[in-house]
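Geometric and topological summary
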Amino acid sequence: GVVDGKPDTVYARKSGEERVVGLAREVVSWIDRGPLNFRNRSMLQLQRNKIDSLSIEADGTTATVVRGKEDAWALEGEEPATPNMEFLQDMLDHLCWLRAGELLVENPSDPAVYGLDKPQARVRFTYTQDPPAVSAVAGAPAPDPNAPKPEPQQVTDALTIGGESKSGEQTVYYAKL
């Protein structure tokens, strides 16, 4: 509340103490957030050189780019072409470290509320995932150095872009990975 005309102050008291202190509102701005804000917002953490293909479906069309020999990208289709590399590099930068601005709901009962039943776009990507590193555990036998090493795996995933919403001056999109 506002006491003594201090609108930017949040009053607080530590349990077991009688004194009341004033805290700057921005210091405790995290109080206004919900429990989902404790969750990690990272959606993807990929290495750009591990992405093998990328497809974007929007407006009833699909464009697919594939990494070829010597990391040269090609736009697939009836007439293969060189893709817009500036756009592709920008897309890869965003995709590799994709982070949600906000977590809205863990398991929505109705994805249509977020426009995910009729998405604006879908981004499919294939990447090479290295096998997990083997680490020694104290007291356990050492891994057999002659055992075959697991091979990297090709993984295909998709990001679905649903409806949009206004957040102040900014347009934000609902998405699901």
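This text goes with the structure placed above it.
Just so it is clear, the structure is predicted and the values come from calculations on it, not from any experiment. (Residues numbered from 1 in each chain as written. Predicted model: local features only at pLDDT ≥ 70, side-chain atom pairs only at ≥ 80, totals over all residues. Heavy atoms only, no water.)

What follows concerns the environment of leucine 104. Positionally, leucine 104 belongs in the loop between α1 (85-96) and β6 (121-129). Among the residues examined, leucine 104 registers a relative accessible area of 43% and is labelled partly exposed. A sequence separation of 67 residues divides leucine 104 from asparagine 37, and the C-alpha atoms of the two residues are 9.1 Å apart. (Helix = DSSP H or I, 4+ residues; strand = E, 2+ residues; numbered from the N terminus. Buried < 20%, exposed > 50% of the residue type's maximum accessible area, 1.4 Å probe, protein only.)

What follows deals with the side chain of arginine 67. Within the element layout of this structure, arginine 67 appears in strand β4 (residues 61-67). Its relative accessible area of 16% is what places arginine 67 among the buried residues. Among the polar contacts listed, one links the side chain of arginine 67 to the backbone oxygen of arginine 48, at a separation of 2.6 Å. Of note is the side chain of arginine 67, whose polar atom sits 3.2 Å from the side chain of aspartate 71. (Polar contact = N/O pair within 3.5 Å; in protein donor to acceptor, adjacent residues only side chain to side chain.)

All right, on to the nonpolar core then. Nonpolar side chains in soluble globular proteins generally cluster together in the buried interior. Core analysis: the largest hydrophobic core is formed by 18 residues, its most contacted members being Leu46, Ile51, Leu54 and Phe125. Listed by contribution, the elements that provide at least two residues to this core are β3 (51-58), α1, β6 and β7 (153-167). Per-element tally for this core: the top contributor is α1, with 5 residues. Leaving out residues up to four positions away in the same chain, leucine 46 has contacts with Ile51, Cys96, Trp97, Phe125 and Tyr127. (Core = buried A, V, L, I, M, F, W, Y, C linked by side-chain atoms within 4.5 Å. Contact = heavy atoms within 4.5 Å.)

Remember, this is a structural readout, not a statement about activity or role.
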